[in-house]
Structures are given as structure tokens and as C-alpha cells.
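So the chains spell out like this:
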Amino acid sequence: MSEPMSPHASPNPPSPWRPGDEPDLDRTVAYRVPRAAANESPTVRLPSWTDPEEIGFATVPGSPAPPSGRGRLGRGWILALVAAVLVGVVGGGGVWAASKLSGGGTQPQDVLPANAMAYVRLDLDPSAGQKLALFGIARKFSATRDAFGGDDPRKALVTALQKDEPGLSKVDYARDVEPWLGDRAGLAVLPADGGGDPVGALAVQVKDEAAARTGIAKMGLGDGKGGLAFRDGYAVIATSQKLADEYVKAAPLSGEPRFTADLDALGEPGVLSFWMDVEKVADAGWSEVAATPVLRQIRGMRFAGALRFSGDYAELAGITRGGTATQGRPEPVRIGELPASTVAAASVSGLGDLLREQWPSVESAASGSGGAMVRQALDEARTQYGLSLPDDLATLLGRTLTLALDEQDLDGALPRVGAVLTTDTAKARDVVDRLKGHLNGMERSADIATAEGDGRFVIASTQEYADALNGGGSLGESETFRLAVPDAANATYAVYADLDRLEKLYLDGLKGQERADVEQLRAVGLSGTHGEDGSTFTLRLVFN
């Protein structure tokens, strides 16, 4: 059974990665810094995927100053590079590697400006073992199997991108891309000069500036379509040459204290990481975004996240900081105490208190011009069901609420479903009895089974299942559950689905390769914490 979290325990669950989990940890290469060409920032000659790992690669001289010119960077160029990042990550082009597995050296945040309001980073520098894990995952699925047939993830990205971008069909990876493309890229969203919608700046690690100029031009940048400048081994691409020159001289994002603190709190950045300062977005005058109600509610919040991979699963992890602080810390949920036969479950803590806190807003919405449906629902709850709001509803939501679906009778006429409440059991029993009495009075069958004990109140579709839920269980000991929901004992919310046991509901409708792809999925889980100092979340997709 899950242990309740100590009030002194850290709200952030420990990282699932620990030193020693991966082979070949020390891949750091100390590169010699070359002498800069006239009027150019220094460029480091990095090894290619086929180069041996050794100290002191040859220096590549810089080329003449970038051509002058103004103009907008074509939308196709920005979308193409962003699409390459997404194709690589979503399609399997990611790898979970410890910080020592990256080649060391300059990161994209070291060359992009400190006034960025949002930032995305991609790093493809895995060890040999991690590269095998990366390609192993990609080769499981038909959509990525052909593109990831080699041993260079950068080539896989370009190959996948060329399928969707006809304009890149004439680009030859070996001739036009491989000689200059490094392993890292970063995209920053920045305020526009004079206000208006923000602009983007892209930093791409390069091994050879001269080759990069030629290759980038062939991929669509040139003839006044944006600007290009170099800084510390990166090509910085902007919407104009003026902005590109300004960006490479600006203070770097890595020196911004809140950005650094947020990434430190996030921990292992994985292959893909991202960060956003909602306050900066709201202040940027980005009309389409700043006016949204959601943004107004989370103003002042920052969030950061990372996409990580292992041989068993892909993980998206993140944190939030700032914004309106949650009062107190909700107690951990008890999802791991469900029966081992559970195939799907959702559990959340603190809903009852949240409802009471937000009830004035609910009533305000009901009294507004568009609140007719809300008013009707509240009136029916009071008059037809005899509920006292919000107290009775808060009692049913409890301190923790867990919904469960059992494997037995899963595809039958009456599946076994239930809810486990951590609440005042006497009050919960009174509310349920009133509801059952109302339904029976309407000549409806009130098939609601209940059980209670040890501060727990259970509502289920059958008495047998209510008793099973009340007795607790060992779901938390399942290997599949532990992979999908890490640190479940400390989570204040969690969602879990065992896809291997649920697939009988949908697998028969799939054929051929589509069926084979779906059978690769083992489970999915979402879990995290929220409290006074922010929140954490972990989303995992587990593979067979």
C-alpha cells in the first residue's frame, strides 16, 4: 500500500534517472577553440557522427561576412525547421540521456537573447547505447521505421522532413547538410521591435560556417529572406539581418536568473526541453494570445518541461513556478491501493476544497447573461435531488477522489466501475442515501452499491466490486503501473490506463500495420503534484 507523504517531504518527485542507469556515461569531448576569422565570432569544429571521439578537431576558417539585406524570413523556412524538430521527437527522434551524455560545450540558450518569452531546445548527441534505444523505439512504428533506417538521427530528421516539404527535395543530405549541421538547435520567441506580434529566432549548431552559409541558403534562406549571423559555433537565423546582428551581441538567455532557476528545478533536460514565461507573453502585446481568458488566469506563471526516452517508455515531464499560489498542499492520492485487476483509473486530490474556494465564481457565472444552463443545473440539484450546495457536492468530491474500471466484465453488459472517496463517511452516506431515495421515488432502479471503512467511502456498480475497492489492493506493485505512474505514493493527481488489457475493446477493429502499431503500446500514465511552490507533472507512454 502506498505510504502517505510526510509534510516535510519535497513536493518534487525524484528523477527516475539515476547515475549508473546508462552505460558509457563519460562522453564529454574537450574541443579546441579555434582562432576567429576577421569580424567573426569563433566557430568550433565539432565531430560528425562518423568521426572518432578524440581531442582537437581541425579548425575551419570563417567565411566572409554575411551578405547584407533586409526582409522577412519566409514562413516555410521557420516551419520547416520547427517541423524537423517535431518530426524527430514525436516520430521517435529523441533519446533519454544524462547531462554527461551530451557533448558538453555551448547550448542554444547561450547564444539566444535573454529577453526571450518562450524557448524550445533540441539536442541529438546520444551515446552509442542511447542511440540504439532511440532507433529501437522509432523502428517499432510504421510511420517512422523507414526514416530511421540508418544510424544518424540528423539524417532521419531531414529525410522525414523532405517527405512533407517538396521544396527540399533537391537538398542532398550528404552534400548540403551533413558537412555543417551540428547536434543542437534552439528556437526563441522574442518581442518585436516597436510592439506587435513576437518574432522567432533560431540557433542551429554548426561545424563549418562556410558550409553552413551555403547549405542554409540552399534550404531557403537567401535573397533578402531573413538574416544570418554566427555566435560561439551557432548559426543564428532571424527575420532580418539587423535583428540577427543584434541577437548575437545581446546578453544570453542562460544568464537570466528565472530561466536558470526553472531549468535547475526541472532537472534532466532530455533531448527536447522547453520554457515559457507567461508574464512576458502577456506584456508582449501578442494580441491573439494575451487576450485569452486562460492566459489572464495564469499570468505570472512560468513553466518548463522536457521530453525524455528510455528503452521502456517516452516521458514528458514538467514544472510550473510563479502565478497564484495554492494554499497548502493536498494530500497524496491512493491510486496505487486499487485492486490489481484495475485496467484504468483516475485520482485527484483537493477537489472538494477547490469547489468551495471557486463556488462564488460558479454562482457569478450562473447569474450572468450566459449562465442559463448553469442556473438550471444548480436549481435541479437543489430542488429535485435535495442537495445543499456546495457542501454536499464537496463531500462527494472529498479530499481525494479515485475513479476505477476493472478488467472483470470489461466487455460485458455491466462493467465494474466505482469511485473511492477520502471524505467524511457519515456525510457521504447521507448524501448518497438522499440521491438513492430520490431515484427510487421516480420509479427508477437505484443500482448504487456502497461500502465504507477507514475514512473511505466507496460507490460502485455492484456490491461485490464496492467491497473489493473498500478492501484495497496491490495495483501499485504492478511493474506496468510503476513504469507508467512513477512515485505514485507522493502524487496529488494521477491517471492510468493498461492498454494491453484494454485493447480487447478496440483491437478487433484494426487491421494490418495499424493493428501492429497499436499493439506496441503497453500503458499510459499521468501523475504529478501541486502545492504552494508550484506543480510538477509526468506523462509517460510505455511500450511493449
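Our structure's up above, just so we're on the same page.
Thresholds, definitions, all that
- Residues numbered from 1 in each chain as written.
- Predicted model: local features only at pLDDT ≥ 70, side-chain atom pairs only at ≥ 80, totals over all residues.
- Heavy atoms only, no water.
- Helix = DSSP H or I, 4+ residues; strand = E, 2+ residues; numbered from the N terminus.
- Contact = heavy atoms within 4.5 Å.
- Buried < 20%, exposed > 50% of the residue type's maximum accessible area, 1.4 Å probe, protein only.
- Arc of directions from axis to C-beta.
- Phe/Tyr/Trp six-rings, centres within 6.5 Å; stacked < 30°, edge-to-face > 60°.
- Salt bridge = Lys/Arg side-chain N within 4 Å of Asp/Glu carboxyl O.

*Asks:* Please explain the environment of Arg375 as it appears in this structure.
*Replies:* Examined against the element boundaries, Arg375 turns out to sit in helix H13 (residues 372-383). It is 8.2 Å that separates the C-alpha atoms of Arg375 and Glu363, two residues lying twelve residues apart in sequence. If we skip the residues at most four places from it in the chain, Arg375 touches Ala366, Ser367 and Gly368.

*Asks:* Just to check I follow, could you spell out helix H16 (residues 463-470) for this structure?
*Replies:* Each full turn of the α-helix corresponds to 3.6 residues, which orients residues three or four apart in the same direction. Tyr465, Ala466, Leu469 and Asn470 are the residues of H16 that are buried. The arc that holds every buried residue of H16, seen down its axis, measures 140°, which confines them to one face. Elements in contact with the buried residues of H16: strand S10 (400-406), strand S11 (417-422), strand S12 (449-453) and strand S13 (456-460). Downstream of H16 by one or two residues, Gly472 has phi in the positive range, about 75°.

*Asks:* I would appreciate a short explanation of the packing of aromatic side chains in the present structure.
*Replies:* Any aromatic ring pair is given by two values, namely how distant the centres are and how the planes are angled relative to each other. Taken as a whole and assessed by the stated rule, the structure comprises four aromatic pairs. Consider the rings of Tyr119 and Phe259, whose centres lie 5.7 Å apart with planes at 80°: the pair is edge-to-face. With a gap of 140 residues between them, Tyr119 in strand S1 (residues 118-123) and Phe259 in helix H8 (residues 257-266) connect regions that are remote in the sequence. Classification of Phe259 as buried rests on a relative accessible area of 2%. Centroid distance Phe481 to Tyr496: 5.1 Å. Interplanar angle 80°. Geometry classified as edge-to-face. Of the two residues, Phe481 is situated in helix H17 (residues 479-484) and Tyr496 in strand S14 (residues 493-498); the sequence distance between them amounts to 15 residues. No difference in accessibility class separates Phe481 from Tyr496, as the two residues are buried. Through pairs of rings, three or more aromatic residues link up here, namely Tyr119, Phe259 and Trp275.

*Asks:* Looking at this structure, how should I read the pattern of salt bridges?
*Replies:* Close approach of charged atoms allows side chains with opposite charge to pair. All chains considered together, the criterion is met by 26 salt bridges. Arg121 is the salt-bridge partner of Asp123, the closest N and O atoms lying 3.3 Å from each other. We note that Asp123, like Arg121, is buried. Across the salt bridge formed by Lys218 and Asp176, the nearest N and O atoms sit 3.2 Å from each other. Taken together, the residues span a long stretch of sequence, with Lys218 in helix H6 (residues 209-218) and Asp176 in helix H5 (residues 173-177) at a distance of 42 residues. We classify Lys218 as partly exposed; its relative accessible area is 40%.

Purely geometric stuff here, so don't read any function into it on its own.
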